[in-house]
Each structure stands twice: as structure tokens, then as C-alpha cells.
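What follows is each chain in one-letter form.
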Amino acid sequence: MADRRYETLVLIHPDQGEPGAKELATRIRTLVEEQGGAVTQVQEWGLRDLAHTIGKQRRAFYILFEYRVASKGLDEIQRTLKLMDPVLRFVSVRRPEGAPPAPPRPAKREREREDAEFERGEFEGLGEGEV
Amino acid sequence: MPRDKSDRRGAKSEGRGPRRRGMGRRKVCRFCADKAMLIDYKDARGLGNFLSERGKIIPGRITGTCARHQRQLTVAIKQARTVALLPYTSAYP
């Protein structure tokens, strides 16, 4: 069957803790494989602050999966993810065939520094608008 | 400030360029200018440049983004909002 390339970013409830999140990562991975998918990459971004609250939570574990499956398999994966209680939310995106794999996230320390800079400099937007 | 083209087209009104109100450079779509620049919902920092202080999406006519890339951009921003990488709004309790 025509397998397509997808990527899913999953947000896991912070109460799961690091080990719980890791365990869920393997569970989701096997879920994808059960659906005939081939996982090409799993990235754990760790506990991150959310830009807005989701289900009264301010933080969540982020895990990114890259894989190939048939679209039927993806439907089933999404259905199962919706039923998983510790999964706050997820987004699945089709990736074009030729797209490069998602670059790894920078190491945590560096990332925090960048995020802090982002937070400060961030939303001044592109004000200079001449309408 | 005065654009050189204005002299060429017969002296209509004052010497401003044709059809171009106001001054300032023509903005070029950033994604067209730099092909290596990809629109990715995971890149919250990059997408943040196209949000107002309130977290609203800035129209392409202001940022200079071409229609095609603006479409891709809005989709990416909305995906990023779903997974809380970007805010829907700044004023948040």
C-alpha cells in the first residue's frame, strides 16, 4: 500500500513525569508499528512551557514521531491517540516525500537560552507597516 | 527617497513613482527571497515574526509575504497554536 510520510507531535500530561512520558513514547511507537508504520525518528523535547493552557496545564512533555504509514493506519493512530488519557493534544502533519527529516532540537541548555531570548525579543512583530 | 523611475514616465503630478503611494522600499517575500527558509509549524521562533504583539497573524500586505507563502504560513501558525507552541492571544490569565 502506498505509505505516506507523516509526523505527529504529541503533548503528554506533565503528571506523567519523565519516566511516564518515555514509556508513552514507546507505547505510541509500538502503536505506529502495529499499524504497519515504519518509525524513522522519535524526538523527545522534554517538559516545555505551553504558550497557552491546555486542560488547566501550563506545561507538557513534547514528543515528535516521524514515520511512514498508509492513511488507514494514520486514522487508527489518531483515533487511539484521542483515547489515550495522558495525551493532552497532538497534531499530525503530512510531510512531503523529499522533505529533510526534522533537525534535532538544540541541546537543552542552549535551547533555554534561546527560548528566553525569544520570550524577551519576541512579539514586537514587524510593526513598521505602511498600509 | 525619490525613486529614479519617476522621471521617465511623463511628469504626471509630482515626481512620485507610478501607482506607489507613500515611500519606502518594496518589500519582498522572505520565503521567496530565501528558498532555504522553510515554513514549519515547529519553528515557533520563526513564526513569531509574523505575529502581532497580541499574537494575531500579520497580514501579508504588511510583512510583504507573497500570497502563496502567506497561505502556508497561516496554516503553520494555526498548527503551532494547536500544540501550544504559539499563543492565540497575549492577554492570558
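How each quantity is defined
Residues numbered from 1 in each chain as written. Chains lettered and ligands numbered in written order. Predicted model: local features only at pLDDT ≥ 70, side-chain atom pairs only at ≥ 80, totals over all residues. Heavy atoms only, no water. pLDDT = per-residue confidence, 0-100. Contact = heavy atoms within 4.5 Å. Helix = DSSP H or I, 4+ residues; strand = E, 2+ residues; numbered from the N terminus. Buried < 20%, exposed > 50% of the residue type's maximum accessible area, 1.4 Å probe, protein only. Polar contact = N/O pair within 3.5 Å; in protein donor to acceptor, adjacent residues only side chain to side chain. Pairing = 2+ DSSP bridges. Axes fitted to C-alpha atoms, helices over the stretch in contact; angles between N-to-C directions. Salt bridge = Lys/Arg side-chain N within 4 Å of Asp/Glu carboxyl O.

**Some remarks on the confidence of the model for chain A**
When pLDDT is averaged along chain A, the result is 85, and 79% of the positions lie at 70 or above. Confidence drops under pLDDT 50 across residues 122-131 of chain A; counting only partners more than four residues distant or on other chains, this segment forms 25 contacts.

**What about the side chain of Arg95 of chain A?**
Residue and element names in this part refer to chain A. Residue placement: Arg95 occurs in the loop between β4 (87-94) and α3 (108-121). Look at Arg95 and you get buried, because its relative accessible area is 14%. Side chain to side chain, Arg95 and Glu7 meet in a polar contact 3.3 Å long. At 2.8 Å, the side chain of Arg95 forms a polar contact with the backbone oxygen of Pro100.

**Notes on the sheet that holds β4 of chain A**
All names here are of chain A. The sheet built from four strands is open, its strands ordered β2-β3-β1-β4 with antiparallel pairing. Strands at the two margins of the open sheet, each flanked by one partner only, are β2 (38-54) and β4. Ignoring strand direction, the axes of neighbouring strands in this sheet form an average angle of 20°. When strand β1 (residues 4-12) meets strand β3 (residues 57-69), the two strands line up antiparallel, connected through nine bridges. Residue pairing in the sheet places Val10 in a bridge with Ile63 of β3. Relative to β3, helix α1 (residues 17-34) is tilted by about 25°, and along the sheet it contacts β1, β2 and β3.

**Quick look at the pattern of salt bridges**
All names here are of chain A. With the rule as written, the count across this model stands at 10 salt bridges over all chains. The closest approach of N and O atoms between Lys22 and Glu44, which form a salt bridge, is 3.2 Å. In this pair, Lys22 is assigned in helix α1 and Glu44 in strand β2, connecting sequence segments 22 residues apart. Given a relative accessible area of 39%, Glu44 falls into the partly exposed group.

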